[in-house]
Every structure is written in structure tokens, then in C-alpha cells.
Amino acid sequence: MNFDISGAKIFFRIPTGIPVLGDILITETILVSWLVMAIITGLCIFLTRNLKVEKIGKRQAVAELLVETATNLVRSNTGGKRFDRMIPFVAALFSTSVVSNLISLTGLRSPTADLSVEAAWAVVVFIMITANKIKAGGVLGYLKGFTTPIFVMTPFNILSEIATPISMACRHFGNILSGVVINGLIYAALALASSAILHLIPGAAGQLLSQIPILDVGLPAILSFYFDWFSGIMQAFIFTMLTIMYIANAAEG
Amino acid sequence: METQQLVTIVPWTFIATILNLFLQLYLIKRFLFKPVQEVIRKRQEKADQDIRAAEKAREEAESVRSEYEKNMANARAEASSIIDRAKKDAESRSEQLLRAAEEQAKNLKTKADQDIRQERRKALNELKGEIGGIAMDIAGKVVEKEIDEKDHRSLIEDFLKNVEEAS
């Protein structure tokens, strides 16, 4: 039995002939991320249906709790209301990340198991950080920031600047991918083990039963608790927190 | 089925993800943040309004209370003045009455005195005449002799004088 792990499936290829960008690939990543967006938006619409000023229902309470949690998270980490317009962005980033990570529970491939997704998010965050730095200190101040504390440090400063989005993207991607890899390995290994054990039953019954990977029931669920639930939520949280912190830091100059 | 590499960046997926992120940002703003913030704002407004209304009601109650207290004080003053006046009235009235009664009583008394005196004089006169007649009768019977008119009269007069003194 062979076990191999590959990237997202490509369902459809639209040839474009553009040199660098290449063909448009309709991959599993794209389709599932659409599903993720639909889930989040649907949930938002569901939660905010007939909002009331008084005597609110459970759904409205949840909606208000979500908004308030996002608001408090951003405010307590940036110290004040300066970044209030960033709150929906943070909420969008976090919710997309969490739902993308957790959608692997349904057997779909997480969009976050594709580096393109995290790279895109990290680049957006990086642009925001840079924009905030330039806004705080001006273009000259931004460029001058690379020469501190002494001129010799400039290459290292540039390196560390570029390392920010790369590390953010790779951290998230690595965690999710490792979950995919380990889950795949464990499923395969347990299938082999159950096949081997059930093969010990003599006759046709053993032949038939060995086809059923009975050991795949149970243990992977426990591991999935760590790799899907804990790691998935944790990575989304870390990515979001880093976004907030970096942007808040950048604005302070 | 064809698959992409495990660790790679597909340019179009990269671009699509950026667009998706901003689309999601818009959707989450439009469908979660805007309505919820709107409803929270409305609630805040309503709470402010309620507080303002309560404040106003309190002020009104305060003014009503002070007015009531003022009225009460006025009423109390008026009542006490009425009572004073009534007391004074009653005093003067009673004095008047007393004086009138006294006067009346005095009048009555003097009149009664006069009446009594008059009655007494009348009675005395009557008695005088009667007693004189009786005395003459008795004397005539007892003495059985005619004394002259003059002696007779002086006797009677004496007697009467005695009677008068005795009475």
C-alpha cells in the first residue's frame, strides 16, 4: 500500500497564456474557500435576523457577543479606539481562518493547507503594516527606520521586515499541513494494522473483514481533537493576534 | 486527477484569496457589524433617552413637590389667620354678649326692684285700708261704745304706724 500526500486537487484549468501568472486553476482550495465564505456570511445573516433593541433572543446575543469580543480584542491589544476601523478586517481574517481550518473535520481539504492562501493573507497584513509605518513616520522616516540603530544593520533590518510575512504564512501553513500529513499517516497506518489483524481470521470471512479499516474508528478522532480543533483555532488566533500587534506597533512608529 | 504541488504558491489562487479576504471583510461588515452596531447604537440612544426622561420626570416631581409645599405653607398660614380672626371675633362677640346680658340683667333687676317696691306699696296700702276697717269693726265690737270719729281715727293711725314699723 502506497501512501502519498499531494497538494490540492485541480478540478479545472483555464489557459490564459499570461507568462508569470500562468493558467487559472480552479482548485479544491478555491472551491472550499468559497464554501467557507458562504458559511461565514450565512452565519452572519442568520445571527442578525430581526435584531431588536429590547428583549433580545439567543441569536442576537451571540451576534452581539461576537462583535463585542472582536472589538474588545482589538481595543485591548492596541490600547484605545484608534484601530476601530480594523475590527471588521480582523474579524474577517479570524473567522475565515478558523472556518477554513475546521472545515477539514468534514473531510474537505482545508484551504489553509495551501500556502497560496496564507501567503495572500500575510502579504495583505504586510502591506497594512508598511502603510501604517509610513503613515506614522512618513516615507523618509520609514526608510530611515531600516538604518537603526546603526547603518550596518540595514540588510538585517530589511531581512527581518521581509521575514515577518513569510514567518506568519509559514507558521500557519505548517501547522495545518502537519495536521493533514499526520492525520493521513495515521489513517493509513491504522488501516494497514486493522487489515493485518483481521487477516488472521481464517477463510473468506477474514478476507472480507480485512478490507474494513476497523481501527480507523476512534483513535483518529482523538488526534483530530488536537490537530483540527486545538491547532486550527490556535493558529487562527495567533495569526490574528500577530496582525493586530504588528499593525499597532507599526502605528506607534 | 491532477493535483498541485504540496508546497507552492499558485498566483491565481493567491490573487483570488486576497479578493476573497476583502469580499469577506465587506460581507462581515455588511451582515454582522453594521446591523449589530446599529442596534447597539439604538439601544444606547434609547437608554440615554430614558435617562433624560427620568431626569425630566424627577425635575417635574420636584417642582410639583415644592409647589405643593408652598401651597401647604400658604394654606397653613391662611388657616392660622382664619383661626386668629375667628378667635378674635368670638372674643369680641362674647364680650358684647356678656355686656348686653349684664345690661339686660341690670335692667331687669332695676325693673324688678321697682315692681317689687310698687307692689309692696300697693299691698301695704291695701292692707292698711283693710286692716283699718277690720280694726274698726273689731274695736267697735269690742268696745261696744261709740267713740267719736276723731278719737277713732287717731287710734287707727297709731296702730297702723305700729304695723308699718313692725313690717
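All values derive from a computational prediction rather than experimental measurement.

(A) Main features of the overall build of chain B. When its secondary structure is counted, chain B shows two helices and zero strands. Expected size for 167 residues packed as a compact globule is a radius of gyration near 15 Å; at 63 Å, chain B overshoots this value by more than 25%. If one aligns the C-alpha atoms of chain B with their principal axes, the spans along those axes are about 195 × 30 × 20 Å. Scored against the burial criterion, the 167 residues of chain B give a buried share of 9%.

(B) Broad picture of the overall build of chain A. Check the secondary structure of chain A and you find seven helices and two strands. The N-to-C order of helical and strand elements in chain A reads β-β-α-α-α-α-α-α-α. Against the compact-globule benchmark of 18 Å for 253 residues, chain A has a radius of gyration of 23 Å, which places it well outside the compact range. Considering chain A as a whole, with its 253 residues, one finds that 31% of them fall into the buried category. In chain A, the proportion of contacts linking residues at least 24 apart, taken out of those at least 6 apart, comes to 64%.

(C) Seen up close, helix α3 (residues 87-102) of chain A. The end-to-end C-alpha separation of α3 of chain A is 22 Å, in line with the 22 Å expected for 16 residues at 1.5 Å each. A large share of α3 of chain A lies buried, amounting to 15 of its 16 residues.

(D) Quick peek at the nonpolar core. Residues Val 90 of chain A together with Ile 28 and Leu 32 of chain B are the most contacted members of the largest nonpolar core, which totals 50 residues. Listing elements by their share of this core, those giving two or more residues are α1 (28-47), α2 (58-78), α3, α4 (115-144), α5 (154-198) and α7 (219-252) of chain A together with α1 (11-143) of chain B. With nine residues, α3 of chain A is the single largest residue contributor to this core. Leave out the neighbours within four places in its chain, and Ile 28 of chain B touches Ile 40, Cys 44, Pro 88, Ala 91, Ala 92 and Ser 95 of chain A together with Phe 33 of chain B.

(E) Seen up close, the interface of chain B and chain A. With 36 residues of chain B in contact, the opposing surface of chain A contributes 43 residues. Here the residues of the side of chain B that touches chain A sort into 22 nonpolar, nine polar and five charged.

(F) Highlighting the packing of α4 of chain A against α7 of chain A. All names here are of chain A. Interaxial distance between α4 and α7 falls to 7 Å at its minimum, and their mutual angle equals 20°. Comparing the axis directions of α4 and α7 gives the class roughly parallel. The handedness of the crossing between α4 and α7 comes out as right-handed. Between α4, through Val 125, Met 128, Ile 129, Asn 132, Lys 133 and Ala 136, and α7, the contact on the second element is made entirely by Thr 243, Tyr 246, Ile 247, Ala 250, Ala 251 and Glu 252. Residue classes in the contact of α4 with α7 are distributed as eight nonpolar, two polar and two charged.

(G) Structural view of the environment of Met 136 of chain B. Residue and element names in this part refer to chain B. Along the polypeptide, Met 136 turns up in helix α1. Owing to 14 C-beta atoms within 10 Å, Met 136 belongs among the partly exposed residues under this scheme. Here the alpha-carbon distance between Met 136 and Leu 155, two residues 19 residues apart in the chain, equals 9.4 Å.

(H) Local environment of unusual backbone geometry. Residue and element names in this part refer to chain A. Here the amide bond leading from Thr 148 into Pro 149 is cis, since omega sits at -10°, within 30 degrees of zero. Residue placement: Pro 149 occurs in the loop between α4 and α5. A positive phi is found at Asn 50, a non-glycine position, where the angle reads about 30°. Examined against the element boundaries, Asn 50 turns out to sit in the loop between α1 and α2.

(I) Geometry of the packing of α4 of chain A against α5 of chain A. All names here are of chain A. Interhelical geometry of α4 versus α5 gives an angle of 145° and a closest axis separation of 8 Å. Between α4 and α5 the crossing geometry is right-handed. Here α4 contributes Leu 115, Glu 118, Ala 119, Ala 122, Val 123, Val 125 and Phe 126 to the contact with α5, which in turn contributes Thr 164, Pro 165, Met 168, Ala 169, His 172 and Phe 173.

Cut-offs used in this document
- Residues numbered from 1 in each chain as written.
- Chains lettered and ligands numbered in written order.
- Predicted model: local features only at pLDDT ≥ 70, side-chain atom pairs only at ≥ 80, totals over all residues.
- Helix = DSSP H or I, 4+ residues; strand = E, 2+ residues; numbered from the N terminus.
- Rg over C-alpha atoms; globule rule 2.2 N^0.38 Å.
- Buried ≥ 20, exposed ≤ 12 C-beta atoms within 10 Å, placed from the backbone.
- Contact = placed C-beta atoms within 7 Å.
- Expected span 1.5 Å × (residues − 1).
- Core = buried A, V, L, I, M, F, W, Y, C linked by C-beta atoms within 7 Å.
- Nonpolar A, V, L, I, M, F, W, Y, C, P; charged D, E, K, R; others polar.
- Axes fitted to C-alpha atoms, helices over the stretch in contact; angles between N-to-C directions.
- Parallel < 35°, antiparallel > 145°, perpendicular 65-115°, else oblique.
- Left-handed = near helix turned anticlockwise from the far one by under 90°.

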